[in-house]
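# Inside the fold
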Amino acid sequence: MELKVALPFVGMVMAECAQVGLIVVSKAAMSKGMSSFIFVCYSNALASLILLPSSLLLHRSQRPPLTFSIICGFFLLGLFGCLAQFFGYAGINLSSPTLGTAMLNLVPGFTFMLAVALRMEKVDWRTSRTLAKAMGTIVSIGGAFILTYYRGPPVLMTLSSLNASPQRFMQLSNWVIGGSLLAVDCVMASAWIIIQALILKKYPAELIVVFFYCFFVTILSAIVCVVVERDPFAWSLKPNIRLAAVLYS
């Protein structure tokens, strides 16, 4: 019984660790010139190819019927997931993996707020559980915005650093813009989690849900890539860090 209770927490910790690794490798790929839009398209296309046979195999005996409303839910899940990935990778590209990792703390807070607004979470201010969630939300959101808008002054001011003030201003601007995009990513990710929870109540076949999510993200991101990325060489997976990042994701 204790193992059954602990498994969801272990799973969430593993997911967070995997997400941190993804932030690092995606930053490395984008620093080598890979487009964030193409990265999203490639990674979700590969995931769809892997998930299709595995999901059908795992749920071969018990597969809930697909209805039009469920398909619409899958599309909505893909839309929010696609937007979250676009904003997230753009934010990481402008800032750093450190900021991207720190901003992950916003997701539980925003998810809690959305769950309360949609009455999926019961709020009782007399219980320590609700107070702990509320305080955690305030601290995580406050800390993330402080980290975004205040990096602190340089410890040593030299003549070269003074002459490079326009460049430093550009770096600070990119940092703030990147942090803001990551905050939008966290809002989209929180909405994605809420939509996913609602879908799983009606369609409790996890791998099939994830397959359709990746499938719709692939279609949406491919449409964006066709419009935005006109250079055919942008689709290249060279150098190898690009391929490694896609495989990891």
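Scroll up to find the structure this text is about.
These figures come from a predicted structure and were not determined experimentally.

Time to look at the overall build of the protein chain. A count of helical and extended segments in the protein chain gives 10 helices and zero strands. Going residue by residue from the N terminus, the α and β elements of the protein chain occur as α-α-α-α-α-α-α-α-α-α. Counting across all 249 residues of the protein chain, residues that qualify as buried make up 36%. The contacts of the protein chain with a sequence gap of at least 6 include a subset with a gap of at least 24, amounting to 87%. Entry remark: accessible area of the protein chain is about 14,900 Å², with carbon and sulfur atoms responsible for 72%.

The next thing to look at is helix α9 (residues 206–228). An α-helical segment advances 3.6 residues per turn. Residues three or four places apart therefore align on the same side. Counted at 1.5 Å a residue, the expected span for α9 with its 23 residues is 33 Å, and the 32 Å between its end C-alpha atoms agrees. Within α9, the full set of buried residues consists of Ile208, Val209, Phe211, Phe212, Tyr213, Cys214, Phe216, Val217, Thr218, Leu220, Ser221 and Cys225.

Before going further, it helps to examine the nonpolar core. Phe39, Phe74, Tyr89, Met103, Leu106, Ile199 and Tyr203 are the most contacted members of the largest nonpolar core, which totals 47 residues. Elements represented by at least two residues in this core include exactly α1 (2–31), α2 (36–58), α3 (68–94), α4 (97–103), α5 (106–117), α8 (165–202), α9 and α10 (240–248). Considering every element that reaches this core, the biggest residue donor is α9, with 10 residues. Leave out the neighbours within four places in its chain, and Phe39 touches Leu22, Ser26, Met34, Tyr89, Ala245, Val246 and Ser249.

It is worth spelling out the packing of aromatic side chains at this point. Here the structure, examined in full by the defined rule, presents 10 aromatic pairs. On the numbers, 5.0 Å between centres and 85 degrees between planes, the contact of Phe39 with Tyr89 is edge-to-face. With Phe39 in helix α2 and Tyr89 in helix α3, the pair connects residues that are 50 residues apart, well separated along the chain. With respect to burial, Phe39 and Tyr89 carry one shared label: buried. Judged by centre distance (6.0 Å) and plane angle (25 degrees), the rings of Phe211 and Phe215 are stacked. Of this pair, Phe211 and Phe215 both sit in helix α9, four residues apart, which is roughly one turn of the helix. On the accessibility criterion, Phe211 (11% relative accessible area) is buried. These aromatic residues form a ring-pair network of at least three members: Phe74, Phe75, Tyr203, Phe211, Phe212, Phe215 and Phe216.

Thresholds, definitions, all that
Residues numbered from 1 in each chain as written. Predicted model: local features only at pLDDT ≥ 70, side-chain atom pairs only at ≥ 80, totals over all residues. Heavy atoms only, no water. Helix = DSSP H or I, 4+ residues; strand = E, 2+ residues; numbered from the N terminus. Buried < 20%, exposed > 50% of the residue type's maximum accessible area, 1.4 Å probe, protein only. Contact = heavy atoms within 4.5 Å. Areas by Shrake-Rupley, 256 points an atom, 1.4 Å probe, with all protein chains shown as cover. Expected span 1.5 Å × (residues − 1). Core = buried A, V, L, I, M, F, W, Y, C linked by side-chain atoms within 4.5 Å. Phe/Tyr/Trp six-rings, centres within 6.5 Å; stacked < 30°, edge-to-face > 60°.

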